[in-house]
Every structure is written in C-alpha cells, then in structure tokens.
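Residue-level listing of the chains:
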Amino acid sequence: MAKKEKRRTNHFAAPVLLAFALQSFLPTAEALSASEPLTEIPTKSRQQEQIRELQQTEQLQQLQRDQQLNNLQQELRSRPMDHGDSRSQQQLDQNQRKLDQLKNDQQLDRLQTEQQLNQIQREPNQSRRQEQIRQLQRQQQMNRLQDQQRKFQIQRPR
C-alpha cells in the first residue's frame, strides 16, 4: 500500500514540475518573440528614410570638413615664418599641396558616396539594400577617420 501512495505522489509531482518549468520558460519565449521584429529586414520606406538620413549626414559632415579645412588653411597662412628662410617657404608650400590634395580627395569621396547612394536607391532586393546601407555607413566612418588623421599630419609643425 505504501508503494501506491508513493506512485500517486510521483504522478502529482510531475505535473507540478512541468507547470513550474513552463512558467519559467514562458517569459523567455515571450522575450524571444518580442525580439524577432528587431531582426526583420526593414521596409523599403524605412530604408529610403535611412538613405535620406545618410545623405543629410554626409552633407552636414562635408560642410564641417570644408570649414575645418578652411580654418586649417587660415591657420597655416597665419603662422609666423622667416621670409628669408627658404625651408619655411618649402614647408608652407608642401602643407598647401597636402591641403589641396585633401580637398580633392574629399571631393572624390563626396562624388563616390553620391553614386553609391543612387545605386542603393535602385537596388530592388531589400536585404541587399540594407547591407549596402551598412557598408556605406562603415565607409563614411573610415573616410572621416582618414580625413582627421591627414588634417592632424598637416597641422603638426615640424
């Protein structure tokens, strides 16, 4: 008789354990299902909005870079130099060439970015379009860092 009572206890414990396990699993399942929309591919309208934001960001950053270059050029021109020293003049000329090259490179980057944005807008596949947007964002960040590095090198007095 004692064995039968023990079996009843085991049969009762199993549903309780199952209910407890399900109770702890459900919040996890809900959290997972709530996070699923975050991994979905953005809609075409959201991607178009991202492209517009990229364009605006690029324009703003380009204006900032142009202003920084202009400030740098004024700073280089206003540095006191020994007019009799040809080395100072050579350094000034070299810095001006570097500055001009930086401006040309930025103009090229601007045109390439514009071309990439146009290409992204024409891409029919949403997942490819999203990947191209991410790639362009990474490229823009790399370009900004390279520009900062080159400006620093120009500014550094020798």
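Residues numbered from 1 in each chain as written. Predicted model: local features only at pLDDT ≥ 70, side-chain atom pairs only at ≥ 80, totals over all residues. Heavy atoms only, no water.

Asker: Help me understand the confidence of the model for the protein chain in this model?
Answerer: Low pLDDT means the predicted atomic positions in that stretch should not be read closely. Here the protein chain shows a mean pLDDT of 75. Residues at 70 or above account for 69%. Within the protein chain, the element-level pLDDT minimum falls on helix H1 (residues 2-39), averaging 48, and the maximum on helix H4 (residues 126-155), averaging 88. A low-confidence stretch, residues 5-10 (pLDDT under 50), is modelled with zero contacts involving residues beyond four sequence positions or located in other chains. Within the model, pLDDT remains below 50 along residues 24-39, and this stretch shows zero contacts once partners closer than five positions in the same chain are excluded. (pLDDT = per-residue confidence, 0-100. Helix = DSSP H or I, 4+ residues; strand = E, 2+ residues; numbered from the N terminus. Contact = heavy atoms within 4.5 Å.)

Asker: Can you walk me through the pattern of salt bridges in this structure?
Answerer: Taken as a whole, this structure holds 10 salt bridges when the rule is applied. A salt bridge links glutamate 49 to arginine 46; its shortest N-O distance comes to 3.0 Å. Here glutamate 49 and its partner arginine 46 are both found in helix H2 (residues 44-78), three residues apart, which amounts to about one turn of the helix. You can call glutamate 49 partly exposed: its relative accessible area is 34%. What you see here is one network of salt bridges that share partners, running through Glu58, Arg65, Asp105, Asp147 and Arg150. (Salt bridge = Lys/Arg side-chain N within 4 Å of Asp/Glu carboxyl O. Buried < 20%, exposed > 50% of the residue type's maximum accessible area, 1.4 Å probe, protein only.)

Asker: Would you mind showing me how to read the packing of helix H3 (residues 86-122) against H4 here?
Answerer: Geometry of a packed helix pair, given as the angle between the helix axes and the separation of the axes. Contact geometry for H3 and H4: axes closest at 11 Å, N-to-C directions at 175 degrees. It follows from the interaxial angle that H3 and H4 lie roughly antiparallel. Residues Asn95, Lys98, Leu99, Leu102, Asp105, Gln106, Asp109, Thr113, Gln116, Leu117, Gln119 and Ile120 of H3 form the contact with H4, whose own contacting residues are Arg129, Gln132, Ile133, Leu136, Gln140, Asn143, Asp147, Arg150, Lys151 and Ile154. A breakdown of the residues in the contact of H3 with H4 according to their chemical character gives seven nonpolar, eight polar and seven charged. (Axes fitted to C-alpha atoms, helices over the stretch in contact; angles between N-to-C directions. Parallel < 35°, antiparallel > 145°, perpendicular 65-115°, else oblique. Nonpolar A, V, L, I, M, F, W, Y, C, P; charged D, E, K, R; others polar.)

Asker: Help me understand H3, please; the structure alone is not making it clear to me.
Answerer: Since the α-helix turns once every 3.6 residues, residues separated by three or four places project in the same direction. With 37 residues, H3 should reach 54 Å at 1.5 Å per residue; the first-to-last C-alpha distance of 54 Å fits that figure. Every buried residue of H3 is listed here: Asn95, Leu99, Leu102, Asp105, Gln106, Asp109, Thr113, Leu117 and Ile120. Its buried side turned inward, H3 meets H2 and H4. (Expected span 1.5 Å × (residues − 1).)

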